[in-house]
Amino acid sequence: MTDAPSYLFYQTRNPRPFLDRAEGIYMFDEDGRRYIDGSSGAMVSNIGHSNPRVLAKMKAQMNRATFGYRLHFRTHPSEDLAAKTVAMTPEGLDRVFFVSGGSEAVESAVKLARQYALTQGQGKRHKVISRFPSYHGCTFGALDLTGYDPLREPFAPMMEGMPKVAAPVTYLDRDDLSEEARGLKYAEALRTRILELGPETVLAFVMEPVGGASTGALVAPDSYYGRVREVCDEFGVILIYDEVMTGAGRTGKFLAAEHWGITPDIVALSKGFGAGYAPLGAIVARHELVEPVLDAGGFAHGFTYAGNPLACAAGLAVLEEIEEQDLIGNAARMGEVLMSELRQLMAEYDFIGHVRGKGLLTAFELVSDRATMTPLDPGLNAYDRLVNLAYERGLILYSRRTRGGTAGDHFLLAPPLIITEAQI
Ligand code: PLP
């Protein structure tokens, strides 16, 4: 069946087998081969596949109404999901705006920040600083924040070119600083950049609290997070956490921000928030930002499918399942197990240069020389070979050939949060 003609394209022609069904952490192709979903797809299927509670709640909602336009009706699933989301996020984040995906969430966060600035008479604020490398999505607004050249280059002339600061990739740093000092160094670089740009022009800073696709589960030194918050406060810059990949329990807290006691001004969620049951995302923001915008005439932004009752019913059941099955606790516990297994592999094999992560968002990187972190010879094509070998043996890995445009092969291991120690 894999050879059947296809009229469909994504980034490439699609060479993989047909998916037949999926259950728990496993996926099955039409030939009956079983795969461990080692990356939850693209860090999406956090509660595993075919969860009976979610399916039942979705079916019940389908029998009532699958769509109700948000300007025509309030719906219980959307109101209940908003309330549940607020209850699960840190205090202070108490207004929710629904979208259908991660890029939409990031752009919504930025547009809310901009409209808030306008209500404060700060119309000069329009620059959004992000990190390099980073990934924030592929629509134009989100792409302009993305620090990943292969995706940006074709479209560069069509974007403003939002300013970047270096992501804290400290495991490549060759200085004598402590990790804490390195964290502060990267946060100071943000401060310097704000001053260079003119603080009155800087609207927001957006960051992935644990790096995703472009930096492979990159965790900054602890000192970084608090200092970045202080720098943003010093200049009235809105701090946006892109938790599209890290949110909904993936790292062992509902938001990764909670590991460092940070309350961002706006958080973007998607992926694990709908957990693959419906295209769903959200921004969660402080009411102090939202209310002035609503008072001033409203948020000039919104998507047709936003807050539709079927997606929200799915999202609500996902959050209930996360809570009742203690999947956040399991992510923390199983993350420890997975990380210790990865460390064990690193002790055995020189070509594993680095392992990292938080909770069940983990990564390993292949190198030819661990001391210098020299990437493997690209001619070896290790990236394709390892991904394909794993796939043939029934393990799905998520990988990027480059560290945000610089050389390096890293692989993400991020199984569903329901995974057991035996399955790891
Ligand atoms: N932000 C982060 C951190 C992501 O990892 C992604 C997707 O990988 C996005 C935004 C974009 O999400 P989507 O592909 O749903 O638009």
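So, a few notes on the structure that sits alongside this text. These figures come from a predicted structure and were not determined experimentally.

**Quick word on the overall build of the protein**
Okay, step 1: Of the regular secondary structure elements, the protein holds 12 helices and 15 strands.
Okay, step 2: Its C-alpha radius of gyration of 21 Å places the protein within 12% of the 22 Å reference for a compact globule of 424 residues.
Okay, step 3: Considered along the principal axes of its C-alpha atoms, the protein spans approximately 60 × 55 × 40 Å.
Okay, step 4: Contacts in the protein between residues far apart in sequence, at least 24 positions, make up 72% of those at least 6 positions apart.

**Comments concerning the sheet that holds strand E2 (residues 26-29)**
Okay, step 1: Judged by pairing direction, the sheet is antiparallel, and its three strands sit side by side in the order E1-E2-E3 without closing on themselves. Only two strands of the sheet have a single partner each, and these edge strands are strand E1 (19-23) and strand E3 (34-36). Looking at each pair of strands side by side, their axes are set apart by 25° on average, direction ignored.
Okay, step 2: Sheet analysis places E2 next to E3, joined by three bridges and oriented antiparallel. Paired with Tyr26 across the strands is Ile36, a residue of E3.

**Some details on helix H8 (residues 222-235)**
Okay, step 1: Listed as buried for H8 are Ser223, Tyr224, Tyr225, Arg227, Val228, Arg229, Val231 and Cys232.
Okay, step 2: Where H8 is buried, its residues meet helix H7 (179-197), strand E7 (202-207) and strand E8 (238-242).
Okay, step 3: Gly236, located one to two residues past H8, shows a positive phi value of around 65°.

**Description of the site of the ligand**
Okay, step 1: Around the ligand, the structure places 15 residues, and the nearest of them are Gly101, Gly102, Ser103, Gly137 and Val244.
Okay, step 2: Of the residues forming the shell around the ligand, the biggest block, three residues, is contributed by helix H4 (residues 102-119).
Okay, step 3: Within the shell around the ligand, the residues separate by chemical class into six nonpolar, seven polar and two charged.

**Digging into the packing of helix H2 (residues 52-64) against helix H10 (residues 309-324)**
Okay, step 1: At a minimum axis separation of 9 Å, H2 and H10 run at an interaxial angle of 155°. Considering their axes alone, H2 and H10 lie roughly antiparallel with respect to each other. For the pair H2 and H10, the crossing hand works out as right-handed. In contact with Arg53, Val54, Lys57, Met58, Gln61 and Met62 of H2, H10 contributes Pro309, Leu310, Ala313, Ala314, Ala317, Val318 and Glu321.
Okay, step 2: Residues belonging to the contact of H2 with H10 are distributed by class as follows: nine nonpolar, one polar and three charged.

**Describing the environment of Tyr186**
Okay, step 1: Mapped onto the elements, Tyr186 comes out in helix H7.
Okay, step 2: Setting aside chain neighbours within four positions, we find Tyr186 in contact with Ala166, Pro168, Ala220 and Tyr224.

**Considering the pairing of strand E10 (residues 281-285)**
Okay, step 1: In terms of burial, E10 is a largely internal element, five of the five residues being buried.
Okay, step 2: Taken together, the five bridges between strand E4 (residues 95-99) and E10 define a ladder with antiparallel strand orientation. What sits directly across from Phe98, in E10, is Ala282.
Okay, step 3: Examined bridge by bridge, strand E9 (residues 266-269) and E10 share four bridges and lie antiparallel to one another. Opposite Val267, over in E10, you have Val284 as the bridge partner.

**A few points about the packing of helix H3 (residues 76-88) against H10**
Okay, step 1: Interhelical geometry of H3 versus H10 gives an angle of 35° and a closest axis separation of 8 Å. The way H3 lies across H10 gives a crossing that is left-handed. Residue-level contacts link Pro77, Ser78, Asp80, Leu81, Lys84 and Met88 of H3 to Pro309, Cys312, Ala313, Gly315, Leu316 and Leu319 of H10.
Okay, step 2: Tallied by class, the residues present in the contact of H3 with H10 amount to eight nonpolar, two polar and two charged.

**Describing unusual backbone geometry**
Okay, step 1: Between Phe132 and the following residue, Pro133, the backbone shows a cis peptide bond with an omega angle of 0°.
Okay, step 2: Looking at where Pro133 falls in the secondary structure, it is placed in the loop between strand E5 (127-132) and helix H5 (140-145).

**Examining the nonpolar core**
Okay, step 1: Ranked by size, the top nonpolar core spans 110 residues in total, and within it Ala113, Ile240, Ile283 and Ala314 carry the most contacts.
Okay, step 2: Ranked by residues supplied to this core, first place goes to H10 with 10 residues.
Okay, step 3: In terms of domain composition, this core takes at least three residues from each of domain 1 (19-50 + 326-413) and domain 2 (57-324).
Okay, step 4: Residues in contact with Ala113, not counting those within four places in the same chain, are Leu203, Ala204, Ile238, Ile240 and Ile266.
Okay, step 5: Counting five residues, the second largest nonpolar core, distinct from the first, contains Leu366, Val367, Leu376 and Tyr383.

**Comments concerning the sheet that holds strand E6 (residues 164-166)**
Backbone hydrogen bonds hold the strands of a sheet together, and the pairing may be parallel or antiparallel.
Okay, step 1: Taken together, the seven strands give an open sheet; going across it, the order is E4-E10-E9-E8-E7-E5-E6, and neighbouring strands pair in mixed fashion. In this open sheet, the two edge strands, each paired with only one partner strand, are E4 and E6. Taking the axes of each pair of neighbouring strands and ignoring which way they run, one obtains an average angle of 20° across the sheet.
Okay, step 2: Both E8 and E9 contribute to a ladder of three bridges, which runs parallel. Pairing of Tyr241 across the sheet is with Val267, part of E9.
Okay, step 3: In the packing of H4 onto the sheet, contacts are made with E4, E5, E7, E8, E9 and E10, and the angle to E10 comes to roughly 30°.
Okay, step 4: The strands that H7 touches are E5, E6 and E7; relative to E6, the one it contacts most, it runs at about 155°.

What counts as what
Residues numbered from 1 in each chain as written. Predicted model: local features only at pLDDT ≥ 70, side-chain atom pairs only at ≥ 80, totals over all residues. Helix = DSSP H or I, 4+ residues; strand = E, 2+ residues; numbered from the N terminus. Rg over C-alpha atoms; globule rule 2.2 N^0.38 Å. Contact = placed C-beta atoms within 7 Å. Pairing = 2+ DSSP bridges. Axes fitted to C-alpha atoms, helices over the stretch in contact; angles between N-to-C directions. Buried ≥ 20, exposed ≤ 12 C-beta atoms within 10 Å, placed from the backbone. Near = placed C-beta within 6 Å. Nonpolar A, V, L, I, M, F, W, Y, C, P; charged D, E, K, R; others polar. Parallel < 35°, antiparallel > 145°, perpendicular 65-115°, else oblique. Left-handed = near helix turned anticlockwise from the far one by under 90°. Core = buried A, V, L, I, M, F, W, Y, C linked by C-beta atoms within 7 Å. Domains from an automatic or database assignment.

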